[in-house]
Amino acid sequence: MTDRKPMPALIDDDVDQVDADLVVRLRLLDDTRPGAGAETPPDLSELASRAGLLDVAIDAVDTPVGRLVLAATEAGVISCSYRDQDEVASRLATAVSPRVLRAPARLDPVRRELDEYFAGRLTRFTAPVDLRLASEFSRRVLTALGGIGYGTTTTYGALASRLGRPSAARAVGHALGANPVCVIVPCHRVVGADGRLTGYAGGVEAKQLLLSLEGRQVS
Amino acid sequence: MLPPFYELVDAYWRDVARLCLAMAGPDDGEDAAQRAWLNALRAYPSLKHGRNLKGWLLTVAARAAIDGHRDRARRPVPMADPPERTSSGLGEPGVLPGDGIWALVAELPERERVAVGLRYALDQPHAEIAATIGVSEAMSRRLVSDGLAKLRIALRETEEKDKDD
């Protein structure tokens, strides 16, 4: 089988025609056997996780404020986003690792916390958070939100003062707008100086819903 | 810039499953596909660019199928009695895919084997095969037609042997 005889380069059809009966048999490859006839893509999350190759787990969860895209690394929840899943995944692939897999099981703990939160039974998230996607200043702002408890609000200006930069209310607003871990890192608890709900990644209605859930009467 | 890995899985899982089935046989096809995915996942972040990811992935899959085949060939099979010369299994339903002929494809030299797999298991045109394995289109045709010629000889030999038995 290993001796080579010179063979002229043939066009496609000729190759197939010279050995037409062989080609028919090769094409008979049976797709219905185990594994080959599956209807859905293989779930690689278990396999990858065991091999230490699951860098980013991603999945979506439906909540009263809409569909949230959840993602986690070894370090913690890196994304809880109102954006489209593919968009979030692309960003994670570039910024963290392209080994991004759908892995619902890996996200179960934080999904459970979100369920409890939206049921009004959880006032403080315990899942660790990975703020790698936030810029350094943004990270400082988001970390400072840890001091704004459930059911309370603060203002952009107050938060800026708390960070020692009283004139940076606008920058604080931008930093909050770039919050990669919405709801869990409670940027929704920051409102305008006059108490009005200003911009929010999930829309002002979502912000209102979150604050009402936490027992705040807001306009 | 590399896309999230799950996009590759979504786009090409059927091709990977089918190629592994063709090249590793029904017993090892699924395992080969799993090995292929793990190998691909392991190597993925070190790719320098996202061009021709399909070709890269199928090459990884073909290699995983071939490596499994080699491993099995090396592994001693415990047997109580000396093996009898049995039928090749050609055409036995449920034993080998595609009428048994893919068992003979498994014996082809590696490049011909991969080219035949891409051509007939995945129905790729030669331009795509050429891109996948990094040869010219003419070479792809040549690999496939050489492979077919060897298959024909092997097939004749097997059938004659079966007749003798």
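Residues numbered from 1 in each chain as written. Chains lettered and ligands numbered in written order. Predicted model: local features only at pLDDT ≥ 70, side-chain atom pairs only at ≥ 80, totals over all residues.

> Which residues make up the pairing of strand β2 (residues 66-73) of chain A, and what values do they have?
Residue and element names in this part refer to chain A. Note that strand β1 (residues 56-63) and β2 share seven bridges and pair antiparallel. When the bridges of β2 are listed, Ile58 appears paired with Ala71. The hairpin formed by β1 and β2 contains two residues between the paired strands. Here β2 pairs with strand β3 (residues 76-81) via five bridges, running antiparallel. The residue of β3 that forms the bridge with Ala71 is Ser79. Taking the residues between adjacent antiparallel strands as the criterion, β2 and β3 are bridged by two residues. (Pairing = 2+ DSSP bridges. Helix = DSSP H or I, 4+ residues; strand = E, 2+ residues; numbered from the N terminus.)

> I'd like a description of the interface of chain B and chain A, backed by residues and values.
The partner chain A presents 40 residues to the 47 residues of chain B that form the contact. Put simply, the parts of the chain that give the side of chain B that touches chain A at least two residues each are α1 (5-43), α3 (101-105), α4 (110-121) and α6 (137-164) of chain B. A per-element tally of the side of chain B that touches chain A places α1(B) first, with 18 residues. Of the residues contributing to the side of chain B that touches chain A, the split by class is 31 nonpolar, five polar and eleven charged. (Contact = placed C-beta atoms within 7 Å. Nonpolar A, V, L, I, M, F, W, Y, C, P; charged D, E, K, R; others polar.)

> Describe in detail the environment of Gly50(B), supporting the description with residues and values.
For Gly50(B), the location among the structural elements is in the loop between α1 and α2 (53-74). Those residues within four positions of Gly50(B) in sequence are excluded, and the remaining contacts are Met1(B), Leu2(B) and Pro3(B).

Bear in mind that shape data such as this cannot, by itself, settle questions of function.
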